[in-house]
Amino acid sequence: MNSLEQQISLLAKSAVKALYDLEAEDSQIQLQKTRPEFEGNITLVVFPFVKAARKAPAQVAAEIGEWLSANSEGLVARFNAVQGFLNLVIDDAFWVKQLVAIDADDHYGRQPERNQLMMVEYSSPNTNKPLHLGHVRNNLLGYSIAQIQEANGWKVVKTNIVNDRGIHICKSMLAWLKYGNGETPESSGKKGDHLIGDYYVRFDKEYKKQIAELMATGKDEETAKREAPLMLEAQEMLRKWEANDPEVRGLWAKMNEWVYAGFDETYKRMGVSFDKIYYESNTYLEGKSEVEKGLATGQFYRREDGSVWADLTKDGLDEKLLLRSDGTSVYMTQDIGTAKLRFQDYPIDKMVYVVGNEQEYHFKVLSILLDRLGFPFGKELVHFSYGMVELPNGKMKSREGTVVDADDLMDKMVEDAKEISKDKVNTLQGITPAEADEIARKVGLGALKYFILKVDPRKNMLFNPAESIDFNGNTGPFIQYTYARIQSVLRKAGERASANAYASSLENKELALIQRLCEYPSVVRTAGDEFSPAVICNYAYALACDFNSFYHDLSILNEPDEQKKELRLLLSANVAKVLRSAMRLLGIEMPERM
RNA sequence: GGUCCGGUAGCUCAGCUGGAUAGAGCAACAGCCUUCUAAGCUGUGGGUCUCGGGUUCGAAUCCCGACCGGAUCACCA
């Protein structure tokens, strides 16, 4: 609710009290933006008062309208009543005042500090393959959520848990040993993460071959999978890793370093970052000891084969394995340890996990287990569960090579942006090739980020590689373009003396823009409450549309009336400010020209 | 089978804490650059909001049921 809504709400309460002797509840005061086909800025729905008034809705609307006109000290300039809808026209002076106030606020939209710490975990890659489009969605959502919550007054710590140990890493390591001939990122010219990913795929290929061979000798598939020599070797390697075998550990460290160098490059390009990185190899032992404690206090139990389980049937769930019969830990064990360390390291008030919706069960269980182990934060954890990115023929599968690679995709977007900008030589004349590259980078990545963030995070989304991501319409570049246009106008306007007089009456399109600007703080709040960058996208798009319409219809620099011109410049500058602010919450950079 | 999520225009998506005649973009078609950046603006066509009940002044939105699609229920992560 913004200040106008608050004022009207109070006035409306007074009105129904005076007219019908009704003490209206907050929920009965229903305000909405007036639909464009009617005159007015804000609309009061009067149906809730009809019963108390014992009159027809249209008459009630008219009576309240009269009362507001007479008692709002000029705020309500006029009104019209359509059935049960009271459309109020707010005085232009109010809007001009709002605009001046927005202009004076350097952090417009930012909510008050709340002095509480939110930790946001996102990305959380495995170190056996490069990042793909699914990770891109995770990273962009995680980063944007962190920005949005910061704008909502939280102190935010962005964190990453790197899944750097386990059987999947051993598979890549083994394939590299067997087929790699000592290949390195330097010798091959490949990014480290891609190099390792290639060997992960290679493992799977050779493994499948062995399975087929075993099945040809008459074994069933289950047995073949279990007994394939490559799998046995990988498991042996994992045991050696856990036993701190120096050779295996050495290879592991070396190959992980290659992967991290590759990830760092990708993260940097994507524009995401972390305040604190945890590694599973450093947290899983902590998890194990927590499980042992739970075992000692009777929270968990051990089966005859030595495996440790939690009984969650009282919570309506199943039994959950926490330690394998050979004593090695599983994903859940590690997550318990990581959570404990984090709460030791930071005074966390809210812990948010940005993880796909396929892991909803996992986090339900984690929450219960942490609670049982006596951690007060267990019940409070938030699983920010987002939908999958699907391709036209279904899910992406790393092992089967049906993935859209993150690095390739970013390359392609920047290339496309560059290609498109070649037709715009008029507006980009006089810039250096380096500047042109920088613009293409911002625009290409802006298109990608907006494309992903504009869809409701909870929903699955479809990406069709055959159709390139658009640069026209409801897109990142559209918003960047709107911004660049404004910057161009402002550059031409030159230095302006501040505190000039502004026009006191407004054109419809000016008013619509100011009203839109007024919505921004509540949009930031909603995006925070709902954990939804898409809310920011929708708003930025609407604001850009409003501006383009204004820009098309009204001249700024050629406006002869100085006060009108000043108002339009002020308005334009603040639209740019809010667009930049909104895009920053999405991690999208703005070019000054394009 | 249990649980969770989704189904809105040819396609991709908004709208979903109940409000006026359901919106964008893409694709198709027709216009607008001697005027501040045409990555823009304007217009046309395009809908059984999956289906059936219910709640009420009013339902795409809330409730119940069906159908369809997805996820999950591992000594995987």
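Reference entry: report on the structure contained in this document.

**A look at the overall build of chain A**
Here's step 1: A tally of regular secondary structure across chain A gives 20 helices and 14 strands.
Here's step 2: C-alpha atoms of chain A, sized along the principal axes, occupy 90 × 65 × 45 Å.
Here's step 3: Split into buried and exposed, the 594 residues of chain A put 53% on the buried side.
Here's step 4: For chain A, the accessible surface area stands at approximately 27,500 Å², while carbon and sulfur atoms represent 48% of it.
Here's step 5: Side-chain charges in chain A split into 74 positive and 87 negative, and the spacing between the mean points of these groups amounts to 1 Å.

**Overview of the protein's contact with RNA strand B**
Here's step 1: Neighbouring RNA strand B are 62 residues, the closest being F85, D305, K424, Y481 and Y551.
Here's step 2: The protein-proximal atoms of RNA strand B, defined as those within 4 Å of the protein, are 63% sugar or phosphate.
Here's step 3: Between RNA strand B and the protein, one listed contact pairs a phosphate oxygen with a backbone N or O atom of G473 at 3.0 Å.
Here's step 4: Between RNA strand B and R485, the relevant distance is 2.7 Å, taken from a phosphate oxygen to a side-chain nitrogen or oxygen of the residue.
Here's step 5: Mapped by element, the contributors of at least two residues to the surface near RNA strand B are β1 (30-33), β2 (42-45), β4 (85-90), α14 (360-372), α15 (406-421), β14 (461-462), α17 (476-493) and α19 (533-553).
Here's step 6: When residues in the surface near RNA strand B are grouped by element, the largest group, 7 residues, is from α17.
Here's step 7: Partitioned by chemical class, the residues of the surface near RNA strand B number 26 nonpolar, 22 polar and 14 charged.

**A word on the pattern of salt bridges**
Here's step 1: Following the criterion strictly, the structure yields 40 salt bridges and no others.
Here's step 2: K208 is paired through a salt bridge with D204; the nearest N and O atoms lie 2.9 Å apart. Placement of both K208 and D204 in helix α8 (residues 192-216) is noted, with a separation of 4 residues, approximately one turn of the helix.
Here's step 3: Its salt-bridge partner being R372, residue D315 comes within 3.0 Å of it at the nearest N-O pair. Taken together, the positions of D315 in the loop between β9 (308-311) and β10 (319-323) and R372 in helix α14 put the pair 57 residues apart, joining distant regions of the chain.
Here's step 4: Put simply, K33, R516, E519 and D546 are held in one network by salt bridges that share partners.

**Thoughts on the nonpolar core**
Here's step 1: Of all hydrophobic cores here, the largest spans 152 residues; its most connected members are F49, I64 and I90.
Here's step 2: Among the elements that make up this core, the one with the highest residue count is helix α20 (residues 562-586) (13 residues).
Here's step 3: Leave out the neighbours within four places in its chain, and F49 touches V16, L22, A24, Q28, I29, L44, V60 and I64.
Here's step 4: The next biggest cluster of nonpolar side chains, apart from the first, holds 31 residues, and it includes V330, M332, I336 and L381.

**Observations concerning the sheet that holds strand β8 (residues 300-302)**
Here's step 1: Spatially, the 3 strands line up as an open sheet ordered β8-β9-β10, and their pairing is antiparallel. A strand with exactly one partner marks an edge of an open sheet, and here the two such strands are β8 and β10. For this sheet, the mean inter-axis angle between neighbouring strands, taken without regard to orientation, is 35°.
Here's step 2: Two elements, β9 and β10, share 4 bridges in a ladder whose sense is antiparallel. Paired with A310 across the strands is K320, a residue of β10.
Here's step 3: Along the sheet, helix α12 (residues 280-296) makes contact with β8, β9 and β10, crossing β8 at roughly 90°.

Calculation rules
Residues numbered from 1 in each chain as written. Chains lettered and ligands numbered in written order. Predicted model: local features only at pLDDT ≥ 70, side-chain atom pairs only at ≥ 80, totals over all residues. Heavy atoms only, no water. Helix = DSSP H or I, 4+ residues; strand = E, 2+ residues; numbered from the N terminus. Buried < 20%, exposed > 50% of the residue type's maximum accessible area, 1.4 Å probe, protein only. Areas by Shrake-Rupley, 256 points an atom, 1.4 Å probe, with all protein chains shown as cover. Lys, Arg positive; Asp, Glu negative; His and termini not counted. Charge placed at Lys NZ, Arg CZ, Asp CG, Glu CD. Near = heavy atom within 4 Å. Polar contact = N/O pair within 3.5 Å; in protein donor to acceptor, adjacent residues only side chain to side chain. Nonpolar A, V, L, I, M, F, W, Y, C, P; charged D, E, K, R; others polar. Salt bridge = Lys/Arg side-chain N within 4 Å of Asp/Glu carboxyl O. Core = buried A, V, L, I, M, F, W, Y, C linked by side-chain atoms within 4.5 Å. Contact = heavy atoms within 4.5 Å. Pairing = 2+ DSSP bridges. Axes fitted to C-alpha atoms, helices over the stretch in contact; angles between N-to-C directions.

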